[in-house]
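Working through the structure, step by step
Each chain is listed here by its residues.
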Amino acid sequence: MNKLVAVEDNHAPKDNWLRIEWNLGKRCNYDCSYCGSDIHDRESQHLSLDVIEKTVKQIADVARTQGKECRISLTGGEPFVHPKIIDILKIIKNNGINKISVTTNGSVPLQKYIDSLPYITYYIFSYHFEFAYHDKIINTIVELNKLVKERKNQNLHTHLMYLPGKMAEANEIIDIMNENDVHWVIRRIRPRLDPETKTWAVPGLSGLKTSHGKCKDDYYTQEELDFMLNKKK
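Read on for an overview of the structure. (Residues numbered from 1 in each chain as written. Predicted model: local features only at pLDDT ≥ 70, side-chain atom pairs only at ≥ 80, totals over all residues. Heavy atoms only, no water.)

Broken down by element type, the protein carries 6 helices and 9 strands. The buried share of the protein, taken over its 233 residues, is 43%. Split by element, the accessible area of the protein, about 13,400 Å² in all, is 49% carbon and sulfur. (Helix = DSSP H or I, 4+ residues; strand = E, 2+ residues; numbered from the N terminus. Buried < 20%, exposed > 50% of the residue type's maximum accessible area, 1.4 Å probe, protein only. Areas by Shrake-Rupley, 256 points an atom, 1.4 Å probe, with all protein chains shown as cover.)

Put into structure tokens, the structure is as follows:
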């Protein structure tokens with residue numbers, strides 16, 4: 001048997017980067033049916049700034065020792081529900097890490113995203129149809145996208161987490177994003193199964209130990225599968 005000795009990126013310039021994906025915790029203000037209790041809840045404690053600062057310094061030291069630039073991608077849960085999120089971003093940047101990306105559901109006030117502009121280089125918005133308030137979330141994405149485009153070396157991208165039965169709403173959102181030059185992609189949901197009823201889980205069941213699997217009913221219609229396949233930015 002051949003021995004595995006290394007795993008390398010086939011894009012050479014990336015070899016000079018130390019890339020960290022950091023889950024700040026399970027705490028989230030949404031309760032999507034396809035996101036299980038193993039990765040989100042509304043009760044988990046937030047990480048303390050002391051723990052975060054010590055961790056960031058260790059990451060920065062490793063990057064310097066290896067002679068690499070560092071990129072940290074913050075996920076959750078929902079990173080922006082952390083009451084000290086701006087302080088966290090400051091800590092990361094003050095330790096010489098200038099590439100910071102965040103995946104967010106877009107639900108916090110626009111001003112908080114504006115406050116984060118000096119620190120974040122790449123925003124990834126996930127639009128969740130089960131909980132997103134249409135006008136609020138889309139307006140936040142559109143307005144922040146305008147500000148991002150005015151700055152150098154910053155980007156914004158939107159994932160539309162397509163929910164069955166939401167084709168009309170998805171088309172409306174896509175039209176708005178195209179009109180405002182917002183980069184987007186439709187993402188197919190991997191639904192979770194209610195083990196008791198053997199049907200797809202519904203919103204608001206974060207305490208239920210759901211699992212990925214199959215039930216007797218298809219999650220998407222063929223029309224929706226074709227829609228997701230053919231709709232592209």
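After that view of the structure, there is still more to cover.
The subject of this paragraph is empty space enclosed by the protein. Applying the stated criterion to the full structure yields 2 cavities of 30 Å³ or more. When its volume is computed, the largest cavity comes out at roughly 70 Å³. Taken together, Leu24, Gly25, Lys26, Arg27, Gln45, His46, Gly76, Glu78, Pro79, Val81 and His82 make up the lining of the largest cavity. Looking at the lining of the largest cavity residue by residue, the class counts come to 3 nonpolar, 5 polar and 3 charged. (1 Å grid on protein atoms, 1.4 Å probe; cavity = no way out; pocket = protein on both sides within 12 Å on 5 of 7 lines; lining within 4 Å. Points joined across faces, edges and corners; volume = space filled by probe spheres on them. Nonpolar A, V, L, I, M, F, W, Y, C, P; charged D, E, K, R; others polar.)

Among the 7 residues that make up strand E2 (residues 69–75), 5 are buried, leaving the element largely enclosed by the rest of the structure. Where strand E1 (residues 17–23) meets E2, 7 bridges bridge the pair, whose relative direction is parallel. Its bridge partner lying in E2, arginine 19 is registered against arginine 71. As a crossover connection, the stretch from E1 through helix H1 (residues 49–66) into E2 is right-handed. As paired strands, E2 and strand E3 (residues 99–104) are joined by 4 bridges and run parallel to one another. Pairing of isoleucine 72 across the sheet is with isoleucine 100, part of E3. As for the winding sense of the linkage, the β-α-β connection from E2 through helix H2 (residues 85–94) to E3 is right-handed. (Pairing = 2+ DSSP bridges. Right-handed = clockwise from strand over helix to strand, strands pointing away.)

The next point concerns the sheet that holds strand E6 (residues 183–188). Taking strand neighbours across the sheet as the criterion, the 6 strands line up as E1-E2-E3-E4-E5-E6 in an open arrangement whose pairing is parallel. A single partner strand is all that each edge strand has here, and the edge strands are E1 and E6. Here the average twist between neighbouring strands, direction ignored, is 15°. Where strand E5 (residues 155–162) and E6 come together, 6 bridges link them in parallel fashion. Each residue of the ladder has a partner; that of leucine 160, found in E6, is isoleucine 186. The sheet strands contacting helix H4 (residues 134–150) are strand E4 (122–128) and E5, and the helix crosses E4 at an angle near 165°. (Axes fitted to C-alpha atoms, helices over the stretch in contact; angles between N-to-C directions. Contact = heavy atoms within 4.5 Å.)

Glancing now at the pattern of salt bridges. Counted according to the given criterion, the structure contains 6 salt bridges. A salt bridge links lysine 54 to aspartate 50; the shortest N-O distance between them is 3.4 Å. Of this pair, lysine 54 and aspartate 50 both sit in helix H1, 4 residues apart, roughly one helical turn. The closest approach of N and O atoms between lysine 146 and glutamate 143, which form a salt bridge, is 3.3 Å. (Salt bridge = Lys/Arg side-chain N within 4 Å of Asp/Glu carboxyl O.)

Let's shift gears to the state of the cysteines. As enumerated under the stated definition, the model contains 0 disulfides in all. Cysteine cysteine 32 shares no disulfide, and the gap to the nearest cysteine sulfur, in cysteine 35, comes to 6.5 Å. Residue classification places cysteine 32 among the buried residues on the basis of a relative accessible area of 7%. In this structure cysteine 35 comes out as partly exposed when scored by relative accessible area, which is 22%. (Disulfide = S-S within 2.5 Å.)

A few words on the environment of cysteine 28. Checked against the element boundaries, cysteine 28 lands in the loop between E1 and H1. With 50 residues separating them in the primary sequence, cysteine 28 and glutamate 78 have C-alpha atoms 4.8 Å apart. Setting aside residues up to four positions removed in sequence, cysteine 28 forms contacts with His40, Asp41, Arg42, Gly77, Glu78 and Asn105.

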